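# Structure at a glance
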Amino acid sequence: GNSVTQMEGPVTLSEEAFLTINCTYTATGYPSLFWYVQYPGEGLQLLLKATKADDKGSNKGFEATYRKETTSFHLEKGSVQVSDSAVYFCALGASGGYQKVTFGTGTKLQVIP
Amino acid sequence: GAGVSQSPRYKVAKRGQDVALRCDPISGHVSLFWYQQALGQGPEFLTYFQNEAQLDKSGLPSDRFFAERPEGSVSTLKIQRTQQEDSAVYLCASSLASQGAKETQYFGPGTRLLVL
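Treat the numbers as computed from the prediction; the structure is a model and nothing was measured.

Further remarks concern the interface of chain B and chain A. How big an interface is tends to be stated in terms of accessible area lost as the parts join. Residue-level contacts link 23 residues of chain B with 22 residues of chain A. Between chain B and chain A the total buried area reaches about 1700 Å² when both faces are included, carbon and sulfur atoms providing 53% of it. The interface formed by chain B and chain A includes zero salt bridges. Counting across the chain B and chain A interface gives two residue pairs in polar contact (both at pLDDT 80 or more). Those elements that place two or more of their residues in the side of chain B that touches chain A are β4 (31-37) and β5 (44-50) of chain B. Classifying every residue of the side of chain B that touches chain A gives nine nonpolar, 11 polar and three charged.

So, in structure tokens, the structure goes:
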């Protein structure tokens, strides 16, 4: 079946540091890939997505590239801010039919001033 | 416009009690999903509706869990005879179309259920 493995947290970074959160997946076919973010006290929000190999999703300075050859979708940001502190979930949507999303376990990011 | 709303936001139940969790999806959204998120984990799929039809209930953990969407809009997730292991956040999500792996799901804030 489909699965997502992501880097365990928590990750603590200083403001303006470079961020990478690793994510790899196992799936049949050609899934869509997502990063969701959950800010403290808020619901899950879609951060970015990519729907085919070599696509790059980007939003709010975050980006991730769909790498089919390495089955990866690593999240990066060049300079994190305190406001980026949240839990980040890598996820995949099954190819074909309706979209049943499989989530990773989440990575908590804390950015300190 | 309004997003996905869920009620109640918090629910405390005694073991053995029945509970009902409500989801109001974004107006016009065809697809509706329920997920269960245990503490420190990612959400796990429970069930999927396309309009009023429940097309997939493979993620429901037991026959104590029941979901419905009778008019193709509001949905209710019911848990009978709650157990402590049912304690989790229950998330509802909706998306506009009925098919397509590219569809974005919009999540509600969740209902945090605590079974004592």
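Resuming the write-up.
All names here are of chain A. Within the secondary structure, Leu92 sits in strand β10 (residues 86-93). Classification of Leu92 by relative accessible area gives buried; the value is 0%. Taking C-alpha positions, Leu92 is 21 Å from Gly61, a pair spaced 31 residues apart along the chain.

Parameters and conventions
Residues numbered from 1 in each chain as written. Chains lettered and ligands numbered in written order. Predicted model: local features only at pLDDT ≥ 70, side-chain atom pairs only at ≥ 80, totals over all residues. Heavy atoms only, no water. Contact = heavy atoms within 4.5 Å. Buried area = accessible area lost by both parts, 1.4 Å probe. Salt bridge = Lys/Arg side-chain N within 4 Å of Asp/Glu carboxyl O. Polar contact = N/O pair within 3.5 Å; in protein donor to acceptor, adjacent residues only side chain to side chain. Helix = DSSP H or I, 4+ residues; strand = E, 2+ residues; numbered from the N terminus. Nonpolar A, V, L, I, M, F, W, Y, C, P; charged D, E, K, R; others polar. Buried < 20%, exposed > 50% of the residue type's maximum accessible area, 1.4 Å probe, protein only.

The quantities given are spatial measurements derived from coordinates; they are silent on function.
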